[in-house]
Amino acid sequence: MAVCIAVIAKENYPLYIRSVPCQNELKFHYTVHTSLDVVEEKVSAVGKSLADQRELYLGLLYPTEDYKVYGYVTNSKVKFVIVVDSSNTSLRDNEIRSMFRKLHNSFTDVMCNPFYNPGDPIQSKAFNGIVSGMMVQTG
């Protein structure tokens, strides 16, 4: 499954980043922020074409030697980035889509919480539990 999951605000600052293993956390921060350029490029390309505006899944943003980076943008321009290990060839596109759908639903639940201030880092235990279920289990 995923080795890093990130939620990036409309203004391109992280609301939530979680990665396993923890010693590569800085590397994943860099990977996520590098992917934002590709996300902006894809979003602007979709805006110019007459493509389906409801398609939120951006697909594979870019592959690296070790990882594949996938993207998703909500209607409110919040970006989700999932990094998976390149060695995991059994992961299909529809499984990535379902991970993003699950993440989006959980994010919506966080936004509906009256005690959450939009723009603050996400510290929800329920959201963290959903993300934990999507992460690679090490050990």
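Residues numbered from 1 in each chain as written. Predicted model: local features only at pLDDT ≥ 70, side-chain atom pairs only at ≥ 80, totals over all residues. Heavy atoms only, no water.

> Let's hear about helix H3 (residues 125-134): which residues, and what values?
For H3, every residue scored as buried is listed here: Phe127, Val131 and Met134. Angular distribution of buried residues about the axis of H3 spans 55°; they occupy a single face of the element. Of the exposed residues in H3, the ones pointing more than 90 degrees away from its buried face are Lys125, Ala126 and Gly133. Capping the start of H3 is the job of one residue whose side-chain oxygen sits 3.3 Å from the backbone nitrogen of alanine 126: serine 124. (Buried < 20%, exposed > 50% of the residue type's maximum accessible area, 1.4 Å probe, protein only. Helix = DSSP H or I, 4+ residues; strand = E, 2+ residues; numbered from the N terminus. Arc of directions from axis to C-beta. Polar contact = N/O pair within 3.5 Å; in protein donor to acceptor, adjacent residues only side chain to side chain.)

> Run through the pairing of strand E5 (residues 79-85), naming residues and quoting values.
Every regular strand shows the same layout, with side chains that alternate between the two sheet faces. Among the 7 residues in E5, 6 count as buried, and that is most of the element. Bridge count between strand E1 (residues 2-8) and E5: 6 bridges; the pairing is antiparallel. When the sheet's bridge partners are listed, isoleucine 8 is paired in E5 with lysine 79. The sheet contact formed by strand E4 (residues 67-73) and E5 spans 7 bridges and is antiparallel. Counterpart to lysine 68 in the pairing with E5 is valine 84. As consecutive antiparallel partners, E4 and E5 are separated by 5 residues, and within that stretch lysine 77 has a phi angle of approximately 70°, a positive value. (Pairing = 2+ DSSP bridges.)

> Would you mind going over the packing of aromatic side chains in detail, with residue names and values included?
Using the criterion set out here, one finds 6 aromatic pairs in the structure. Note on phenylalanine 28 and tyrosine 67: the rings are 5.1 Å apart at their centroids and 65° apart in plane angle, and the pair reads as edge-to-face. One end of the pair, phenylalanine 28, is in helix H1 (residues 25-48); the other, tyrosine 67, is in strand E4, and 39 residues separate them in sequence. Residue classification places phenylalanine 28 among the buried residues on the basis of a relative accessible area of 1%. (Phe/Tyr/Trp six-rings, centres within 6.5 Å; stacked < 30°, edge-to-face > 60°.)

> Please provide a residue-by-residue account of the side chain of threonine 74, values included.
Inspection of the secondary structure assignment puts threonine 74 in the loop between E4 and E5. If we ignore the near neighbours within four places in the chain, the residues touching threonine 74 are Leu56, Phe80 and His104. (Contact = heavy atoms within 4.5 Å.)

> Pulling in residues and values, what's your account of the sheet that holds E5?
Strand pairing within a sheet occurs via backbone hydrogen bonds; the two strands may be parallel or antiparallel. Pairing is antiparallel in the open sheet, where 5 strands are placed in the order E2-E1-E5-E4-E3. Strands at the two margins of the open sheet, each flanked by one partner only, are strand E2 (14-19) and strand E3 (57-63). On average, each strand axis in the sheet is tilted by 15° relative to the strand beside it, whichever way the strands run. Those strands touched by helix H2 (residues 93-112) are E1, E2, E3, E4 and E5, and its axis lies near 140° from that of E5. The strands touched by H3 within the sheet are E1 and E2, with E2 carrying the most contacts at an inclination of about 40°. (Axes fitted to C-alpha atoms, helices over the stretch in contact; angles between N-to-C directions.)

> An account of the pattern of salt bridges is needed here, citing residue identities and associated values.
It is possible for side chains of opposite charge to pair when their charged atoms get near one another. Summed over all chains, the structure comprises 3 salt bridges. For aspartate 93, the salt bridge is made with arginine 97, and the minimal N-O distance between the two is 3.8 Å. Of this pair, aspartate 93 and arginine 97 both sit in helix H2, 4 residues apart, roughly one helical turn. For aspartate 93, a relative accessible area of 40% corresponds to the partly exposed category. Arginine 97 gets classed as partly exposed once you look at its relative accessible area, which sits at 29%. (Salt bridge = Lys/Arg side-chain N within 4 Å of Asp/Glu carboxyl O.)

> Describe the environment of glycine 119, with residues and values.
Among the secondary structure elements, glycine 119 is positioned in the loop between H2 and H3. The class for glycine 119 is partly exposed, based on a relative accessible area of 28%. Taking the C-alpha atoms as reference points, glycine 119 and leucine 56, 63 residues apart in sequence, are found 20 Å from one another. Dropping the residues within four chain positions of it, glycine 119 is found in contact with Tyr13 and Leu15.

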